[in-house]
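Chain residues, written in single-letter form:
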Amino acid sequence: MPVQFFTNYIELLKDDEYHDITIEVGEDPNVKIFRAHKNILCYRSPYLRQILSSNKENNNVLTRIKLPNVLPEIFQTILEYIYDGILSLNEETLDFFKILDAADNLHLQELIDYLQKYLIEDKPEASRILFKYNGSTS
């Protein structure tokens, strides 16, 4: 009988001791530093993999990258998704669209597909807002 092993890495994310990357997110005065693990980020985000592979450093040096175009609270949600595969959405539509935008920037296709499906199937009123907004700016 197949056994499914536990793959929730959220406890690893919370561990301050063994991280090997810091990510500076946001712009002044709203900047937050996140600690993470390169291996997990590289395998979950093609965008972060590209940044990290072009920014290779000595293995003993802590890597630091900046993501100024993402709000810290949105990145927190996405980082938790990267680690445990669970997305925590609150009911505010603006947060939803910010998460979708950040997921697109980070090339998280699985999350983009889920959010688009959720938007179309479960939040049709938000879909109309998005399409109306996009139509008025073009």
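Cut-offs and rules
Residues numbered from 1 in each chain as written. Predicted model: local features only at pLDDT ≥ 70, side-chain atom pairs only at ≥ 80, totals over all residues. Heavy atoms only, no water. Helix = DSSP H or I, 4+ residues; strand = E, 2+ residues; numbered from the N terminus. Buried < 20%, exposed > 50% of the residue type's maximum accessible area, 1.4 Å probe, protein only. Phe/Tyr/Trp six-rings, centres within 6.5 Å; stacked < 30°, edge-to-face > 60°. Lys NZ or Arg CZ within 6 Å of the ring centre and 35° of its normal.

- The name given to the protein chain in an unreviewed UniProt entry is BTB-domain-containing protein, and the organism recorded there is Rhizophagus irregularis.

## Brief notes about unusual backbone geometry
- Residue Asp 28 is joined to Pro 29 through a cis peptide bond whose omega torsion reads 5 degrees.
- By secondary structure assignment, the location of Pro 29 is in the loop between strand E1 (21-27) and strand E2 (30-36).
- In the Ramachandran plot, His 107 falls in the positive-phi region, its phi being about 60 degrees despite a non-glycine side chain.
- Here His 107 lies in the loop between helix H5 (93-105) and helix H6 (109-122).
- By relative accessible area, which is 43% here, His 107 ends up partly exposed.

## Notes on the packing of aromatic side chains
- This model, assessed by the stated rule, comprises four aromatic pairs.
- Here the aromatic rings of Phe 34 and Phe 75 are separated by 5.0 Å at their centres, their planes lie at 65 degrees, and the arrangement is edge-to-face. Placement of the pair is Phe 34 in strand E2 and Phe 75 in helix H4 (residues 72-84), with a sequence separation of 41 residues. For the pair Phe 34 and Phe 75, a shared accessibility class is recorded, and that class is buried.
- When the centroid spacing of 5.6 Å and the interplanar angle of 40 degrees are considered together, the rings of Phe 96 and Tyr 118 count as tilted. Residue Phe 96 is found in helix H5, and its partner Tyr 118 is found in helix H6; the two are separated by 22 residues along the sequence.
- Three or more aromatic residues link up through ring pairs in this structure, and these residues are Phe 96, Phe 97, Tyr 114 and Tyr 118.
- Geometry around Tyr 43 places Arg 49 over its ring, the cationic atom sitting 4.7 Å from the centre.

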